[in-house]
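For reference, the chains in residue letters:
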Amino acid sequence: MKQKLLLLVLGLCFLAPTVNAQNKALEKARKKEYKQKMKMYKEEGWKLFASSRSLDVALLTHYDKLNTMGEDGQEIVGVATKCRSKNVGRQMALNNACVTYAQQAGSKVKGRVVSDMQGDGVNAAGEFEKFYAAYERLVDKEIRGEMKESYSIIRDNGDGTFEIQTYFIVNESAASQARLRAMEQASKETEMAQQYAKKISDFVKEGFKQE
């Protein structure tokens, strides 16, 4: 027992410096990323939109949220260009972010399903096109409640219009339920999708963790 305890202590002693070095390297990389982002915002004329806080604090808070959530936190950026109304532009940015998320969700499920079905000798690519289109449309609708705005930036295009970028953070654990609801509704629209509903459901549950 004493020998095992000694080996465990020695192992921790060797491991601690490695972990500490990795943490320092990660922290250094994060600081570099923050400085580069702030430099880019300044050079491109971006300002924080609809907030009393500074852009520095907004960006640091955003990164802190992502770091705390780990793999469960997904950053999605919505973009609106040539907007004459700032409020309309903000809504357009949300719409764009939802479409982006839905397309990512659809492409990942599509890649997994087509690959698996072909492995089973089933030519499912054509049959599932209707399902993918419905799935993306429904994810777009369902995911809106999970889009948590972190911060928005705006810049003047110089022609009476504005460009807005809104950064959202999606909790993937919560979003998986939205994707499942979309899958269940979309699978009703095609016979082939109903036949493989269980397999598709498994892919959707895996979310973005499986590439």
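All residue numbers here refer to positions counted from 1 along the written sequence of the relevant chain. Only residues with pLDDT of 70 or above have their local features reported here, since the model is predicted, and side-chain atom pairs are shown and tallied only from 80 upward, although totals for entire chains, interfaces and linings are computed over all residues. Only hydrogens and water are set aside; all other atoms, that is, all heavy atoms of the structure, feed into the side-chain values.

Draft legend 1. Main features of the pairing of strand β3 (residues 148-156). At least two DSSP bridges between two strands are required for those strands to pair. A helix here means a DSSP run of H or I that spans at least four residues, while a strand means a run of E at least two residues long, and both kinds are numbered starting from the N terminus. Here strand β1 (residues 47-49) pairs with β3 via three bridges, running antiparallel. Paired with Leu48 across the bridge in β3 is Ile153.

Draft legend 2. Seen up close, the nonpolar core. What we call a nonpolar core is a set of buried Ala, Val, Leu, Ile, Met, Phe, Trp, Tyr and Cys residues that are connected through their side-chain atoms within 4.5 Å. For the exposure calls, accessible area comes from a 1.4 Å probe over protein chains only, and a residue counts as buried if that area is under 20% of its type's maximum, exposed if over 50%, partly exposed in between. In this structure, Tyr101, Phe131, Tyr135, Val139, Ile143 and Met147 are the most contacted members of the largest nonpolar core, which totals 27 residues. Top element by residues in this core is helix α3 (residues 86-119). It accounts for eight residues. Within the second largest apolar cluster, twelve residues are counted, among which are Tyr34, Trp46, Tyr63 and Tyr151.

Draft legend 3. Representation of the pattern of salt bridges within the structure. Salt bridges are defined by distance alone: a side-chain nitrogen of Lys or Arg within 4 Å of a carboxyl oxygen of Asp or Glu. Tallying each qualifying case throughout the model produces seven salt bridges. We note a salt bridge from Glu44 to Arg155, for which the minimum N-O separation is 3.8 Å. Here Arg155 lies in strand β3 and Glu44 lies in the loop between α1 (2-43) and β1, a separation of 111 residues in the sequence. Relative accessible area serves as the criterion here: at 23%, Arg155 is assigned to the partly exposed category. Between Arg155 and Glu163 there is a salt bridge, with the nearest N and O atoms lying 3.1 Å from each other. Taking the relative accessible area as the measure of exposure, Glu163 reaches 11% and is therefore buried. Overlapping salt bridges bring together Glu44, Arg155 and Glu163 as one network.

Draft legend 4. Structural view of the packing of aromatic side chains. Only the six-membered ring of Trp is used, alongside the rings of Phe and Tyr, when aromatic pairs are assigned; centres must lie within 6.5 Å, and planes under 30 degrees apart are stacked while those over 60 apart are edge-to-face, with the rest tilted. Summed over all chains, the structure comprises three aromatic pairs. Note on Phe131 and Tyr132: the rings are 5.7 Å apart at their centroids and 65° apart in plane angle, and the pair reads as edge-to-face. Under the relative-accessibility criterion, Phe131 is labelled buried at 0%. Judged by its relative accessible area of 3%, Tyr132 falls in the buried class. Note on Tyr151 and Tyr167: the rings are 4.6 Å apart at their centroids and 5° apart in plane angle, and the pair reads as stacked.

Draft legend 5. Representation of the environment of Gln104 in the model. Residue placement: Gln104 occurs in helix α3. Residue classification places Gln104 among the partly exposed positions, given a relative accessible area of 28%.

Draft legend 6. Spatial organisation of the sheet that holds β3. One open sheet accounts for four strands, arranged β1-β3-β4-β2; its pairing is antiparallel. Two strands close off the open sheet at either side, each with one partner strand: β1 and β2 (73-83). Averaged over all adjacent pairs, the angle separating strand axes in this sheet is 30°, with direction ignored. Bridging between β2 and strand β4 (residues 162-171) involves nine bridges; their strand directions are antiparallel. Lines fitted to the C-alpha atoms define the axes, with helices restricted to the stretch that makes contact. Angles between their N-to-C directions range from 0 to 180 degrees.

What is shown is where atoms sit, not what they do.
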